[in-house]
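Descriptive analysis of the structure
As a plain string of letters, each chain reads:
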Amino acid sequence: MEHSLTAEDQAHLEILQTQIKSSPKGRGQLIPLLQMAQKVLGYLPDDALSLVADHLSVTRSEVYGVASFYNQFRFDPPGKNPVKVCMGTACHVRGGEIILENFERKLEIREGETTEDREFSIERVACVGCCALAPVALMGETLHGHMAPSKVEGLVLRVRVEKEKAEREASKS
């Protein structure tokens, strides 16, 4: 999914550009520079890939090829409320896939994507270590055990209501 850069992204790109300029050159720096870019921006937009490619004098497609090989790199910005659905054995057996599908349907995005408003992103994770509570989902830092498809809508709605409430209060100030 193509995401336009926000003003915050642009500011982070300027910071990244400064950091990259003072970094060593050479092919061995490709992964460390990608890690740096993701740390600064939270993800790897096209502009960040171009900065790395230009610094190392390699093609952007070469940089993308390396970044897309490793699952530690993401090309979509993380949501303010990242959803992680556990797919460890216990969660998988107890319906983790159904929970994931419900989040995808409710948020109208697929695993690995972020909503246009950057409020939510969905990720499949291997195990969160709470097998007794399976199936499990994390929304932000909050663990939700014994997930059921019916709980998905409530979790999403709660975040949206809290956001609206905060916006109303901010507009009163």
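Computed from a predicted model, the values in this text were never measured in an experiment.

**Considering the sheet that holds strand β2 (residues 120-125)**
Consider a sheet: its strands pair through backbone hydrogen bonds, and that pairing is either parallel or antiparallel. With respect to topology, four strands assemble into an open sheet ordered β2-β1-β3-β4, the strand pairing being mixed. Among the strands making up the open sheet, the edge pair consists of β2 and β4 (142-144). Between one strand axis and the next, the sheet turns through 20° on average, direction left out of account. Bridge count between strand β3 (residues 137-139) and β4: three bridges; the pairing is antiparallel. Bridging from a neighbouring strand, Leu138 pairs with Leu143 of β4. Along the sheet, helix α6 (residues 96-107) makes contact with β1 (81-86), β2 and β3, crossing β2 at roughly 165°.

**Structural notes on helix α3 (residues 46-56)**
Taken together, the buried positions of α3 are Ala48, Leu49, Leu51, Val52, Ala53, His55 and Leu56. On its buried face, α3 sits against α1 (7-21), α2 (30-41) and α4 (60-69). Immediately downstream of α3, the backbone of Ser57 shows phi near 55°, a positive value.

**Details of helix α7 (residues 149-172)**
Along an α-helix, a turn takes 3.6 residues, which lines up residues three or four apart on a common side. End to end, α7 covers 36 Å across 24 residues, agreeing with the expected 34 Å (1.5 Å per residue, within 8%). Looking only at α7, the buried set comprises Val152, Leu155, Val156 and Val159.

**A few points about the packing of aromatic side chains**
Any aromatic ring pair is given by two values, namely how distant the centres are and how the planes are angled relative to each other. Enumeration over the complete set of coordinates arrives at three aromatic pairs. Considering the side-chain rings of Tyr64 and Phe75, the 5.0 Å spacing of their centres and the 45° angle between planes classify their relative orientation as tilted. Of the two residues, Tyr64 sits in helix α4 while Phe75 sits in the loop between α4 and β1, which places them eleven residues apart along the sequence. Under the relative-accessibility criterion, Tyr64 is labelled partly exposed at 40%.

**Side note on the confidence of the model for the chain**
Across the chain, the average pLDDT comes to 93, with 98% of residues at 70 or higher. Mean pLDDT across the elements of the chain bottoms out in α7 (92) and peaks in α6 (97).

**Some words on the side chain of Glu104**
Mapped onto the elements of the fold, Glu104 is located in helix α6. Setting aside residues up to four positions removed in sequence, Glu104 forms contacts with Ile109, Arg110, Glu111 and Ile122.

**Quick notes on the environment of Glu153**
With respect to the helices and strands, the residue Glu153 is situated in helix α7. Between the C-alpha atom of Glu153 and that of Thr114, which follows or precedes it by 39 residues, the distance is 17 Å.

**Here's the deal with the packing of α2 against α4**
The geometry of α2 relative to α4 is characterised by a closest axis approach of 11 Å and an angle of 75° between their N-to-C directions. Relative to α4, the element α2 is oriented roughly perpendicular. Contact with α2, carried on its side by Leu30, Ile31 and Leu34, involves Val63, Val66 and Ala67 of α4 and no other residues of that element.

**Concerning the layout of surface pockets**
To find leftover empty space, one rolls a probe the size of a water molecule over the atoms. What the largest pocket holds in volume is close to 330 Å³. Along the walls of the largest pocket sit 17 residues, with Asn71, Phe73, Arg74, Gly112 and Glu123 positioned nearest its centre. For the lining of the largest pocket, the elements supplying multiple residues, two or more each, are α4, β1 and β2. Ranked by the residues each element gives to the lining of the largest pocket, the list is headed by β2, at four residues. Here the residues of the lining of the largest pocket sort into seven nonpolar, four polar and six charged.

Conventions adopted
- Residues numbered from 1 in each chain as written.
- Predicted model: local features only at pLDDT ≥ 70, side-chain atom pairs only at ≥ 80, totals over all residues.
- Heavy atoms only, no water.
- Pairing = 2+ DSSP bridges.
- Helix = DSSP H or I, 4+ residues; strand = E, 2+ residues; numbered from the N terminus.
- Axes fitted to C-alpha atoms, helices over the stretch in contact; angles between N-to-C directions.
- Contact = heavy atoms within 4.5 Å.
- Buried < 20%, exposed > 50% of the residue type's maximum accessible area, 1.4 Å probe, protein only.
- Expected span 1.5 Å × (residues − 1).
- Phe/Tyr/Trp six-rings, centres within 6.5 Å; stacked < 30°, edge-to-face > 60°.
- pLDDT = per-residue confidence, 0-100.
- Parallel < 35°, antiparallel > 145°, perpendicular 65-115°, else oblique.
- 1 Å grid on protein atoms, 1.4 Å probe; cavity = no way out; pocket = protein on both sides within 12 Å on 5 of 7 lines; lining within 4 Å.
- Points joined across faces, edges and corners; volume = space filled by probe spheres on them.
- Nonpolar A, V, L, I, M, F, W, Y, C, P; charged D, E, K, R; others polar.

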